[in-house]
Amino acid sequence: QVQLVESGGGLVQAGGSLRLSCLDSGRTFRSYHAGWFRQAPGKEREFVADITRSGVRTYYSDSVKGRFTISRDNTKNTVDLQMNSLKPDDTAVYYCSAARNVGLGLIRVNDYDYWGQGTQVTVSA
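A short tour of the structure in this document, coming up. (Residues numbered from 1 in each chain as written. Predicted model: local features only at pLDDT ≥ 70, side-chain atom pairs only at ≥ 80, totals over all residues. Heavy atoms only, no water.)

So, the overall build of the protein
Consideration 1: On a plain count of helices and strands, the protein comes out with zero helices and eleven strands.
Consideration 2: The dimensions of the protein, computed from C-alpha atoms along their principal axes, are 40 × 25 × 25 Å.
Consideration 3: The 125 residues of the protein split such that 45% are buried.
Consideration 4: Contacts spanning at least 24 positions in sequence make up 60% of the contacts within the protein whose residues lie at least 6 apart.
Consideration 5: Here the protein displays about 6,400 Å² of accessible surface, and carbon together with sulfur accounts for 46% of that area.
Consideration 6: Computed over 15 positive and 12 negative side-chain charges, the separation of the two mean positions in the protein equals 4 Å. (Helix = DSSP H or I, 4+ residues; strand = E, 2+ residues; numbered from the N terminus. Buried < 20%, exposed > 50% of the residue type's maximum accessible area, 1.4 Å probe, protein only. Contact = heavy atoms within 4.5 Å. Areas by Shrake-Rupley, 256 points an atom, 1.4 Å probe, with all protein chains shown as cover. Lys, Arg positive; Asp, Glu negative; His and termini not counted. Charge placed at Lys NZ, Arg CZ, Asp CG, Glu CD.)

Some points on the side chain of T52
Consideration 1: Take T52: it is sitting in the loop between β5 (46-51) and β6 (58-60).
Consideration 2: Overall, the relative accessible area of 12% leaves T52 in the buried class.
Consideration 3: Leave out the neighbours within four places in its chain, and T52 touches H33, R57, R72, G103 and L104.

Re the state of the cysteines
Consideration 1: Tallied over the full model, the rule gives one disulfide.
Consideration 2: Two residues, C22 and C96, share a disulfide whose sulfurs are 2.1 Å apart. Residues C22 and C96 are joined through a disulfide that is left-handed, its torsion about the S-S bond being -85°. You can see C22 sitting in strand β3 (residues 18-24) and its partner C96 sitting in strand β9 (residues 92-99), a full 74 residues away along the chain. The pair formed by C22 and C96 is uniform in burial state, with each residue classed as buried. (Disulfide = S-S within 2.5 Å.)

What about the pairing of strand β1 (residues 4-7)?
Consideration 1: Burial along β1 is one-sided: L4 and E6 are buried, and none of V5 and S7, which face the opposite way, are.
Consideration 2: Pairing of β1 with β3 involves four bridges; the strand directions are antiparallel. Paired with E6 across the bridge in β3 is C22. (Pairing = 2+ DSSP bridges.)

Focus: the pairing of strand β11 (residues 119-124)
Consideration 1: Burial of the side chains of β11 is restricted to one face: T119, V121 and V123 are buried, whereas none of Q120, T122 and S124 on the reverse face is.
Consideration 2: Direction of pairing for strand β2 (residues 10-13) relative to β11: parallel, over a ladder of four bridges. The residue bridging Q13 from the neighbouring strand is S124, located in β11.
Consideration 3: Here β9 runs beside β11; their pairing, made up of three bridges, is antiparallel. Residue pairing across strands places A92 opposite V121, the latter belonging to β11.

Here is the structure:
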């Protein structure tokens, strides 16, 4: 059973960096495609980035491409999101997710089967 827990959120100034981490305490993460989403107040949950089970291939939304990097360590059952050059528009609750589906660019919420509880990221101007 996949059990996802995010960590690493916080408050940062614009231009700064944060690293989010997602741990699967069920230790089966390596068998799932993984993604990060975010949800700002009053907005729908939106895709940020995803990564294949092997970790070889990644895909990003246009809004974060070149600033964020998704990676995974299947020996530790973790998927990380390195966020650089943060902007106030990046402020949101960030969610880690796992999908039984295979492929790349799984950008829909319904593509994913498991979700973490979310971690707040706030970027001040």
